[in-house]
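Tertiary structure, described
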Amino acid sequence: MNDPFVKTRSPLVPTAPVTPEPAVSHDHVAVVVEMMREMSRQSDPQEMVKLFRQRTSVLYGGEHSVSLSRRDLDAPRYRITRSTRWREDVNPWSEPHRLPILEGGLLGELLYGDEPRVLRDICVTPTDPAHELLYDARSIIALPLFDQGVGLNMVVRMSSHPAGFDHINIADALLTGNLFGRATNNLVVARKLETAYAELDYEMKLVAEIQKSLLPPRLPDIPGVDIAASYKTATRAGGDYYDFFDLHDGRWGVLIADVSGHGTPAAVVMAMLRTMLHGQCYQCASPGELLEHANRQLCNRHDRFSGTFVTAFYGIFDPASRTMHYSCAGHNPPLVVNRRAEVRELNQALTYPLAIERDEEFPETTTRFDSGDTLLFYTDGITEATNERGEMYGHERLLSCVREDVPHAQHIIDCVTHKLLAFTGGGTQQDDQTLLAMRLR
């Protein structure tokens, strides 16, 4: 066969024959136990193979070994993946282009035979494609390594003695070789997963950076109001969202929203919601009208993210009259705490979340604030955070910081985040957590 891709001579220069080592006299079981201990410590498949090669020379004897594979090749072709005669240590996983491909001959017959073999008193002919790897072999033990029931790989040890492997229990050797093969394969898979996770994590970092760029780059300067915010996702990206809209007449739109779930799917819906709101916030005359528009748009696309809904609170704050006209789509009602530490909720215009009923109407109402009042907007990732006993953080713990006599809104945010961290004991954050504090001077 004149195949330009088949190499009938290995490009790797063979070394001189190795002088046979004397037979090892210590207990066979002790050698196997020590080999298993060392294999269990390995995390690099290349190092695992080196270890196995060293130990098999002690266990089975012979001066040289060669490893071959028929994975992704048709009979009678195969790759030489390793040889003790090579001067260089080639990594078959990272350097597959350096592996010679041979066709037929003794190694091809053994590999495609799919059975363990011990050959005695042999002489490999010079015309064999693997002659330069087998030229001084007088006996051979061939151990197939099975994958999905097929011996895709094989380890072949060679001895210059005609009966060099007569002392070997081939069943034990086959079992040991296949245990090694599976362990090595597991390490290869683990390395691939590690690489894939690293690439995914990098992409998620980019998603998180893009998402955070959708949030206000800075908090607005609203006359008579001190503002602070905290935004913390459960994973790299999340579904919480807050925003401010300068309505250009002295009034400001204030929004907080929470997409069900978290992670990348929630972040995508959050980005869609932001686009919808920014495109209509100046055209819609009222909070209810804006939420109705967003709700219709989300329902029209609901087949693309079935089961997802969005809670949202949108209010238009007028600093001149210290009033807020608002509507609430299933979101946690913001809390208002006055200077006497009395608490009320903005819950007078509450209805269903967005993306549930396309024709849902969103009621509106207006509330008035006094000097010194504090508004606290939050998502349920704050109040539903749990400690090691399964207790929720809840409203009362949240209010404890608002009731404290602190000079600025940022102090309230810092108080909540620090107390929440102490409450959860630094455990895994289960949901996105967003806080927005507005204190009227």
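Computed from a predicted structure; not experimentally measured.

**Details of a nonpolar patch on the surface**
- A contiguous nonpolar surface patch, about 390 Å² in accessible area, is contributed by V189, L193, Y197 and L200.
- Assignment of secondary structure puts L193 in helix α5 (residues 170-213).
- On the accessibility criterion, L193 (43% relative accessible area) is partly exposed.

**Describing helix α1 (residues 28-40)**
- Taking 1.5 Å of rise per residue, 13 residues should cover 18 Å, and α1 covers 19 Å from first to last C-alpha, within 8% of that figure.
- Inspection of α1 places V31, V32, M35, E38 and M39 among the buried residues, and these make up the whole buried set. Down the axis of α1, the sector holding all buried residues measures 125°, keeping them to one side. Turned more than 90 degrees off the buried face of α1, the exposed positions are V29 and S40.
- In this structure, the buried side of α1 is in contact with α2 (45-60) and α5.

**With respect to the sheet that holds strand β6 (residues 150-159)**
- Overall, antiparallel pairing links the six strands, which are arranged β3-β2-β1-β6-β5-β4 in an open sheet. One side of each edge strand has no neighbouring strand; the edge strands of this open sheet are β3 (101-103) and β4 (117-119). Looking at each pair of strands side by side, their axes are set apart by 30° on average, direction ignored.
- Here four bridges tie strand β1 (residues 64-69) to strand β2 (residues 77-83), and the two strands are oriented antiparallel to one another. What sits directly across from S67, in β2, is R82.

**Considerations on the state of the cysteines**
- This structure, assessed with the given rule, holds one disulfide.
- For C328, which is in no disulfide, the shortest distance to another cysteine sulfur is to C299 and amounts to 17 Å.
- With relative accessibility at 0%, the residue C328 sits in the buried group.

**Side note on the side chain of T367**
- Within the element layout of this structure, T367 appears in strand β15 (residues 365-368).
- On the basis of relative accessible area, T367 is assigned to the buried category, the value being 11%.
- A distance of 2.8 Å separates the side chain of T367 from the side chain of R344, its partner in a polar contact.
- Other than its neighbours up to four places away in sequence, T367 contacts R322, T323, M324, Y326, R344 and L346.

**Thoughts on the sheet that holds strand β16 (residues 374-378)**
- Ordered in space as β7-β17-β16-β12-β13, the five strands form an open sheet in which the pairing is antiparallel. Edge positions in the sheet fall to β7 (225-232) and β13 (343-345), since each of these pairs with one other strand and no more. In this sheet, neighbouring strand axes are inclined to one another by 15° on average, regardless of whether the strands run parallel or antiparallel.
- In this structure, β16 lies alongside strand β17 (residues 433-440), joined through five bridges in antiparallel fashion. Bridged to Y378 within β17 is L435.

Here is what the cut-offs are and how they apply
Residues numbered from 1 in each chain as written. Predicted model: local features only at pLDDT ≥ 70, side-chain atom pairs only at ≥ 80, totals over all residues. Heavy atoms only, no water. Patch = residues over 30% accessible without salt bridge, like charges linked within 9 Å, V, L, I, M, F, W, Y side chains within 5 Å. Areas by Shrake-Rupley, 256 points an atom, 1.4 Å probe, with all protein chains shown as cover. Salt bridge = Lys/Arg side-chain N within 4 Å of Asp/Glu carboxyl O. Helix = DSSP H or I, 4+ residues; strand = E, 2+ residues; numbered from the N terminus. Buried < 20%, exposed > 50% of the residue type's maximum accessible area, 1.4 Å probe, protein only. Expected span 1.5 Å × (residues − 1). Arc of directions from axis to C-beta. Contact = heavy atoms within 4.5 Å. Pairing = 2+ DSSP bridges. Axes fitted to C-alpha atoms, helices over the stretch in contact; angles between N-to-C directions. Disulfide = S-S within 2.5 Å. Polar contact = N/O pair within 3.5 Å; in protein donor to acceptor, adjacent residues only side chain to side chain.

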